[in-house]
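# Examining the three-dimensional arrangement
Residue strings, one per chain:
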Amino acid sequence: MDDIIKVEDQFYILATTAAAEDRVRVLKHGETFAVFDRYGDIRPVGLGEEGIYHEGTRFLSRLELRLGNTRPLLLSSTVRDDNTLLAVDLTNPDVKIGEQIVVPRGTLHLFRSKFLWQAACYERIKILNHGLVPVQISLSLSFGADFDDIFEVRGLNRPKKGRYLDDHIEKESVVLSYQGLDGVIRRAWLECSPRPNEISRSYVNFLLFVNPKDETTIFATVSCQSGNGRLPVISYDQALPEAEQAFHSPKRIDACGIYTSNDQFNDWLNRSVADLRMMVTDTEKGPFPYAGVPWFSTVFGRDGIITALEFLWIDPSIAKGVLAYLAAYQAQEVVPEQDAEPGKILHETRRGEMAALKEVPFGLYYGSVDSTPLFIMLAGAYYERTGDRDFIESIWPNILRALTWIDEYGDMDRDGFVEYLKHSSKGLIHQGWKDSKDSVFHADGTLAEGPLALCEVQGYVYAAKQHAAQLADLLGETKKAAELWRDADGLEERFDKAFWSQELSTYVLALDGKKRPCRVRSSNAGHCLFTGIAAPQRARLTADTLLGEDSFSGWGIRTVAASEARYNPMSYHNGSVWPHDNALTAYGFAQYGFKNAAIKLLSGLFDASLFLDLRRMPELFCGFSRRPGEGPTLYPVACAPQSWAAASVFLLLQACLGLSIKAPVRQIHVSHPVLPEFLREVQIKNLRVGESSVDLVFQRHEDDVGINILKKEGDVKILLVK
């Protein structure tokens, strides 16, 4: 028994078998998302994550199309470039009676198209007969609903579950129902047109007769009802243009356009914009990028803030929505089971049955140490990008409460550093962005005991104090501003003494509860450059360490260097490569003048994108060293799409271009732009600064990068900064 490894992390995402060989296809709209296989089916295979989900519950856990008694042959499968529609081309296998082939393979073309709109999944199946004789064949859809909470799908076992209610079957529809322990009745409605020949609680069957060169069409809609309210279900042909119009509405992402000389890079950019359009959800407080599908399709404070920062120069409306939402849900009192304290910014919110019953603490959960300083950073960056003083004034009380949390609750032992220690019995042990149970440790691999002060969190606090000081000056609170500047200066000095390791040539990962440094080379140090807390003489050494062979895989910087005791390239946080982590570090490199280092990270992730399905950047991938002619090794339970991974390309590009926007003085600054060899030219169109806009083009020459203004409307200046 001593050889058995036990995983005690209750929020570990279970993977008891390999993922399905075919990559899944993902759709999302609002509070609903769906995970299909490449056939457009839902099957209990691989990680078991396939299904149609709504508000944290899987409403449909099985949906399988059969032609006769067999699965059709797959021709192709893709999600449209704008993520609105899943398109699947299928054909029939050889159909035999006895030994005689009566319908040769390839006679029938089946085209499945499906999309999500207003808590429903709409599907159209077109069947075209390319043969010379009529074909009679049956087509069936088998279905089922387990109504599992997302945490059950992730692997958590519940001691008790609600009850399944009687099914309701009519001539054209089936309703599957479940009453949760929270008292909420959840229903999955399957409606078909035309009327099926057979219908039951688990399948519908159509007997098709298709003449030569003719086609027939079947429509199926799965709608999700939670509680008493059910959104109206309309026809496929009515719903599709509404969904398309909503996806392309300027209110969702009013982004400037980026066009480059490299079509493959454009594919990465376009997929990233489409992924953000899909992940951004309209909340009662404005647009908010949900974190990732399937495991994190909900509000996460840290993820939303970092996504907004990465995308800020493109479109600041997301940042405004994130700030407004998080300000509205800022903690007001001490609630240990939620890890909540006055002024603290939300970590996560969930709407499923288990959250409602507090079987998991994430209904409203505040267990992140960094969301609060990051909130202040985003507020300062948002003002610099927009000059929106009225909005800053509206959330200034929230910023002040966040500052109070940093000083009174965040620094629990009054040593001048912000630490964390979980209070919730069900909450997260580690509350930085690397929140796995084993992510903070000492050089010998021993897990560190709290309270823990992470190096990057001190950087976030440093930047937060500086941003808050600037906002205080703006609002006429000069005394508060001076106090905040002093705080930042003092923290910078203390940080250098406590966190720098000459032996490692980088900043230590953390200080443990006894103030012992965790002497581990990690990517966390890159965030210290992002925030500017790193002393210039330390920044160069840190960059060299991060780009050394132990840390840089060839695709990106690993979360933990290969030389460290707990390094594992297949782990979640101890050796993997995260795109957003690399983007923040690249921006930090550029801020200290290490532009070639920033190019190296952009180039590594671009090369990775060439191997990725749909050019979609996943949450993370494995940290194995790059091998010639091979792509990156995928991580088995990574979310894709993931908002901060999708947004990473925009911060990477901003770092290389040296672009910053000073909206209060109507200026665009460009500092020492550089471009990688694979980008000869980058055009930026309709870059808005207040009511003004510009079109710019960056062109790479042998020794430098030139910038030209193609069009300018309004009062805005472009300045080259030395």
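To keep things clear, this report deals only with the structure shown in the data block. Just so it is clear, the structure is predicted and the values come from calculations on it, not from any experiment.

All right, on to the pairing of strand β17 (residues 203–210) then. Pairing of strand β12 (residues 135–144) with β17 involves 8 bridges; the strand directions are antiparallel. By the bridge assignment for β17, Q136 is matched with F209. Linking strand β16 (residues 198–199) back to β17 in an antiparallel pair, the connection comprises 3 residues.

Position of P517 among the secondary structure elements: in strand β28 (residues 517–518). For P517, a relative accessible area of 22% translates into the label partly exposed. Expressed as a C-alpha distance, the spacing of P517 and A647, which sit 130 residues apart in the sequence, is 33 Å. Not counting residues up to four positions away in its chain, the partners in contact with P517 are H442, V508, A510 and L511.

What follows deals with the side chain of D695. Inspection of the secondary structure puts D695 in strand β32 (residues 692–700). The side chain of D695 sits in the buried core without any salt bridge; K711 is the nearest counter-charge, 4.2 Å away. If we skip the residues at most four places from it in the chain, D695 touches I684, K685, N686, N708, I709, L710 and K711.

Another aspect to go through is the nonpolar core. Counting residues in each nonpolar core, the largest one holds 183 residues, and the members touching the most others are F375, F589, L687 and F698. No other element matches the 11 residues that helix α9 (residues 455–474) contributes to this core. Setting aside chain neighbours within four positions, we find L687 in contact with C256, W313, R385, L659, I661, I668, S692, S693, V694 and L696. Ranked by size, the runner-up nonpolar core spans 44 residues in total, among them V103, I125, F143 and I218.

As a further point, take the side chain of N92. By the secondary structure assignment, N92 is in the loop between β7 (86–91) and β8 (95–97). Among the polar contacts made by the side chain of N92, one reaches the main-chain carbonyl oxygen of P104 at a distance of 2.9 Å. Setting aside chain neighbours within four positions, we find N92 in contact with L67, L73, V103, P104, R105, G106, T107 and L108.

A few words now on the sheet that holds β28. Strand pairing in a sheet relies on backbone hydrogen bonds, with the paired strands running either antiparallel or parallel. On the basis of which strands lie adjacent, the open sheet formed by 3 strands has the order β24-β27-β28 and antiparallel pairing. For this open sheet the edge positions go to β24 (453–454) and β28, each flanked by a neighbour on one side alone. For strand β27 (residues 510–511) and β28, the ladder comprises 2 bridges, and the chain directions are antiparallel. Along β28, the bridge assignment pairs L511 with P517.

For the rest of this paragraph, the subject is the pattern of salt bridges. Taken as a whole and judged by the stated rule, the model has 47 salt bridges. Salt-bridge contacts for R302 lead to D370; the nearest nitrogen and oxygen are separated by 2.8 Å. Of this pair, R302 sits in helix α4 (residues 301–311) while D370 sits in the loop between β23 (364–365) and α7 (371–386); the two residues are 68 residues apart in sequence, bridging distant segments of the chain. Grouping residues by exposure puts R302 and D370 together as buried. Its salt-bridge partner being R350, residue E348 comes within 2.6 Å of it at the nearest N-O pair. One exposure class covers both E348 and R350, and it is buried. Sharing partners across several salt bridges, the network here consists of R58, D146, D148, E152, R158, K161, E353 and E359.

Scoring rules and cut-offs
Residues numbered from 1 in each chain as written. Predicted model: local features only at pLDDT ≥ 70, side-chain atom pairs only at ≥ 80, totals over all residues. Heavy atoms only, no water. Pairing = 2+ DSSP bridges. Helix = DSSP H or I, 4+ residues; strand = E, 2+ residues; numbered from the N terminus. Buried < 20%, exposed > 50% of the residue type's maximum accessible area, 1.4 Å probe, protein only. Contact = heavy atoms within 4.5 Å. Lys, Arg positive; Asp, Glu negative; His and termini not counted. Salt bridge = Lys/Arg side-chain N within 4 Å of Asp/Glu carboxyl O. Core = buried A, V, L, I, M, F, W, Y, C linked by side-chain atoms within 4.5 Å. Polar contact = N/O pair within 3.5 Å; in protein donor to acceptor, adjacent residues only side chain to side chain.

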